[in-house]
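# Coordinate inspection notes
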Amino acid sequence: MTKRLIHLVDDEEAIRRSAGFLLKTSGFEVRTYASGVEFLKEARTAEPGCILLDVRMPEMDGLEVQRELNARGVSMPVVVLTGHGDVTIAVQAMKQGAVDFLEKPFEKELLLNALDMAYKRLEAAEEATTSEQQARVRLAALTPRELDVLRGLVRGHPNKTIAYDLNISPRTVEVHRANLMTKLDVRSLSEALRIAFAAGLGDGE
């Protein structure tokens, strides 16, 4: 991995500026977001990197953002920024999979060490989970009904059987099928199935 990208999510402009400057001068590429909500809008399609996530933010705090990222299958490593000795919050963040936490104001060396650890995790996980994670992220874009149709396809059922099982018309199945192919950005059923299997959709079904 040549380019080291940091997604810096903090509502304080001063922190975005100072941490952003510190990171850029340490050789990182930095993208900043003024809120967790703003970051989540782009998280699904964001370039892989490490997330530097402030805990105390309006609208959605860091833990909520982290939970939402987990729910969406976004697997970028997270380093949490805490203030005011938020030890309990830091522990919760670690339980939710954060690589490390730093108390503000943080020292440059501690920040770089935490990010180094995050990158090691990212690089190790990248090989093993890229296809599974990407597949899950892509499936997260489907509606529950489109997922039902995809499950039917995974079982090898024709449209008529899927329609019967879901109590909808074959024409509706065709519409859902066309929509899910568009959302998954695939042209053939085999490509759609490959994504479904990579995400574990066929497991135990």
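Scroll up to find the structure.
A short tour of the structure in this document, coming up. For every chain, the first residue of the written sequence is number 1, and numbering continues from 1 along that sequence. Only residues with pLDDT of at least 70 get local features here, since the model is predicted, and only at 80 or more are side-chain atom pairs given and counted; chain-wide, interface and lining totals rely on the full set of residues. Processing note: side-chain calculations cover all non-hydrogen atoms of the structure and skip hydrogens and water entirely.

### Side note on the packing of aromatic side chains
Pairing of aromatic side chains here covers Phe, Tyr and the six-membered ring of Trp, requires ring centres within 6.5 Å, and sorts the geometry by plane angle: under 30 degrees stacked, over 60 edge-to-face, intermediate tilted. Summed over all chains, the structure comprises two aromatic pairs. The ring of Tyr119 has Arg4 sitting right over it, with the charged end atom 4.5 Å from the ring centre. By definition here, charges over rings are those cases where NZ of Lys or CZ of Arg is within 6 Å of the ring centre and within 35 degrees of the ring normal.

### Here's the deal with the sheet that holds strand β2 (residues 29–33)
Here we have five strands laid out as an open sheet, ordered β2-β1-β3-β4-β5, and parallel in their pairing. Because the sheet does not close on itself, it has two edges, and the strands there are β2 and β5 (100–103). Between one strand and the next, the sheet's axes are offset by a mean angle of 20°, whatever the strand orientation. Here strand β1 (residues 5–9) pairs with strand β3 (residues 50–54) via four bridges, running parallel. Each bridged residue has a counterpart across the sheet, and for Ile6 the counterpart in β3 is Cys50. Strand pairing is assigned whenever DSSP identifies at least 2 bridges connecting the two strands. For helices the rule is a DSSP run of H or I covering at least 4 residues; for strands it is a run of E covering at least 2, with both sets numbered from the N terminus onward. Between N-to-C directions, angles cover 0 to 180 degrees, with each direction set by a line fitted to C-alpha atoms, over the stretch in contact for helices.

### Details of the packing of helix α6 (residues 144–154) against helix α9 (residues 189–198)
It is at 10 Å that the axes of α6 and α9 come closest, and there the two elements cross at 100°. Regarding the angle of α6 to α9, the classification is roughly perpendicular. Residues Leu150, Leu153 and Val154 of α6 form the contact with α9, whose participating residues are Leu189, Ala192, Leu193, Ala196 and Phe197. Gly is placed with the polar residues, together with every amino acid not listed as nonpolar (Ala, Val, Leu, Ile, Met, Phe, Trp, Tyr, Cys and Pro) or charged (Asp, Glu, Lys and Arg). Of the residues belonging to the contact of α6 with α9, the class tally is eight nonpolar, no polar and no charged. Here the angle decides the label: under 35 degrees means roughly parallel, over 145 means roughly antiparallel, 65 to 115 means roughly perpendicular, and every other value means oblique. The criterion used for residue contact is that any of the two residues' heavy atoms lie within 4.5 Å.

### Describing the side chain of Lys104
By the secondary structure assignment, Lys104 is in the loop between β5 and α5 (108–139). The term polar contact refers here to a pair of N or O atoms within 3.5 Å; inside protein, the definition further demands a hydrogen-donor-capable atom paired with an acceptor-capable atom, and it admits residues adjacent in sequence only when both atoms are side-chain atoms. Here Asp10 takes part through its side chain, which lies 3.0 Å from a polar atom of the side chain of Lys104. A distance of 3.0 Å separates a polar atom in the side chain of Lys104 from a polar atom in the side chain of Asp54. Excluding residues within four positions of it along the chain, Lys104 makes contact with Asp10, Glu12, Ile15, Asp54, Leu81 and Thr82.

### A few points about the packing of α6 against helix α8 (residues 170–184)
Close contact between α6 and α8 brings their axes to 9 Å; oriented N to C, the two are set at 95°. With respect to each other, α6 and α8 are oriented roughly perpendicular. Contact with α6, carried on its side by Arg145, Glu146, Val149, Leu150 and Leu153, involves Val173, His176, Arg177, Asn179, Leu180, Lys183 and Leu184 of α8 and no other residues of that element. For the contact of α6 with α8, the class distribution of residues is six nonpolar, two polar and four charged.

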